[in-house]
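# Chain and residue survey
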Amino acid sequence: FTNAEVYQQSFDPQEYLKEFYSVSDSQGERNPFLMQNLRTLFKMFSLDGLRGDTLLDIGCGPTIYQLLSACEHFQEIIASDYTDRNRQELEKWLKNEAGAFDWRPVVKYVCELEGDREKWAEKEEKLRKKVRQVLKCDVTKANPMDPVSLPPVDCIVSTLCLEAACKDLATFRSALRNIAALVKPGGHLVMVTVLQETYYAFNKQVFSCLHLERNMVEEAVESAGFDVKFSEVQPCLPGDDRADCQAVLSLVARR
Ligand code: SAH
């Protein structure tokens, strides 16, 4: 199991972005895993009721793709992750600093899904304005935002985090309860989770992943006090040696 301290020490945000969030690799191929997740996030954030004042992203890593459709429906966004370097990498993009990751191809793709590819610069600006805070979080703590105590939010989004952060099913279930306490009653949880994955690797380092089945995730979400409103499983393409993921579960639940 890769614990949070290992993330803090050795999770290299730039290598992670290069490996998993480039839209074209050396062979000029697209990134089907990312494209599929963008389409599903667009679909989920188009559902009725997925709107409000505040959205909290748990375990954001150095990425923003998960906020691109979300930012059209919430006024204010709080991003959070365990590691200093991930939060710094994200800040770099938010401040439009030199050396920040180039998300433009991804932003353009989402704008195309939303009906106007030409709006990409506007969307980048909107997102940069809406992310008000980038905070440290630890999903294994009763208050993951400790020492900050946040007023309850309208929605939480969390992509590919809990299966990396939790060593076993009991920890996964308690992390969901910790997260649930941060959402207003009637608020939503939007989650993207890989299924039946035991590891992912980049930059010659291997990170563990909690092996999950669809029903385990749905039951954990329900027992944390949510009603599952939307749940969809899509297969991962085989033949990828960077991870052994079999499928991706996307779900929306209401507290
Ligand atoms: N959401 C991003 C990053 C996923 S990688 C994406 O969709 O690509 C997994 C993330 O979980 C890393 O950013 C890591 O720092 C974070 N993480 C690991 N342990 C954690 C913990 N205990 N609490 C919160 N985040 C944690």
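Residues numbered from 1 in each chain as written. Predicted model: local features only at pLDDT ≥ 70, side-chain atom pairs only at ≥ 80, totals over all residues. Heavy atoms only, no water.

The criterion, for reference: UniProt positions are given in the numbering used here, feature names are shortened, and annotations may be inferred rather than shown by experiment.
Going by the annotation in an unreviewed UniProt entry, the name recorded for the chain is NNMT methyltransferase, with Fregata magnificens given as the source organism. The Sequence similarities (unreviewed entry) comment attached to the chain in UniProt states, word for word, "Belongs to the class I-like SAM-binding methyltransferase superfamily. NNMT/PNMT/TEMT family."

### A look at the overall build of the chain
Here is the rule we go by: Segments assigned H or I by DSSP are reported as helices when at least four residues long, segments assigned E as strands when at least two residues long, and all are numbered from the N terminus. For a compact globule the rule gives 2.2 Å times the number of residues to the power 0.38, and the radius of gyration it is set against comes from C-alpha atoms. Relative accessibility under 20% of the residue-type maximum defines a buried residue, over 50% an exposed one, and the middle range a partly exposed one, all with a 1.4 Å probe and only protein chains included. Throughout, the Shrake-Rupley method with a 1.4 Å probe supplies accessible areas, and for residues the shown protein chains are the sole cover considered. Just so you know, the count uses Lys and Arg for positive and Asp and Glu for negative, and it drops His and the chain ends. Charge positions come from single atoms, namely NZ of Lys, CZ of Arg, CG of Asp or CD of Glu.
Secondary structure summary: the chain contains nine helices and nine strands in total. In terms of overall dimensions, the chain is globule-like: its C-alpha atoms have a radius of gyration of 17 Å, near the 18 Å expected for 255 residues. A principal-axis box enclosing the C-alpha atoms of the chain has dimensions of 45 × 40 × 35 Å. The burial tally for the chain puts 53% of its 255 residues in the buried class. Total accessible area computed for the chain in this model is approximately 11,400 Å², and 47% of it derives from carbon and sulfur atoms. Computing the positive centroid from 31 side-chain charges and the negative centroid from 39, the chain places the two 4 Å apart.

### Concerning the environment of Thr 193
You can see Thr 193 is positioned in strand S5 (residues 183-195). With 89 residues separating them in the primary sequence, Thr 193 and Arg 104 have C-alpha atoms 24 Å apart.

### Some thoughts on helix H8 (residues 169-180)
Operational definition: Multiply 1.5 Å by the residue count of a helix minus one, and that product is the helix's expected span. Contact between two residues is taken to exist if any of their heavy atoms lie within 4.5 Å; hydrogens are not considered.
The terminal C-alpha atoms of H8, which comprises twelve residues, lie 16 Å apart, in line with the 16 Å expected from a rise of 1.5 Å per residue. Of the residues making up H8, those classed as buried are Thr 171, Phe 172, Ala 175, Leu 176, Asn 178, Ile 179 and Ala 180. Those residues of H8 that are buried lie in contact with strand S1 (52-58), strand S4 (153-159), helix H7 (162-165), S5 and helix H9 (214-223).

### Details of the state of the cysteines
To be explicit about the condition: In plain terms, two cysteine sulfur atoms within 2.5 Å form what is called a disulfide here.
Inspection of the entire model under this criterion finds one disulfide. The thiol of Cys 155 is not disulfide-bonded; the next cysteine sulfur, from Cys 71, is found 13 Å away. Of the cysteine sulfurs around Cys 166, a residue in no disulfide, the closest is that of Cys 161, at 7.2 Å. Judged by relative accessible area, Cys 166 falls into the buried class, the value being 2%.

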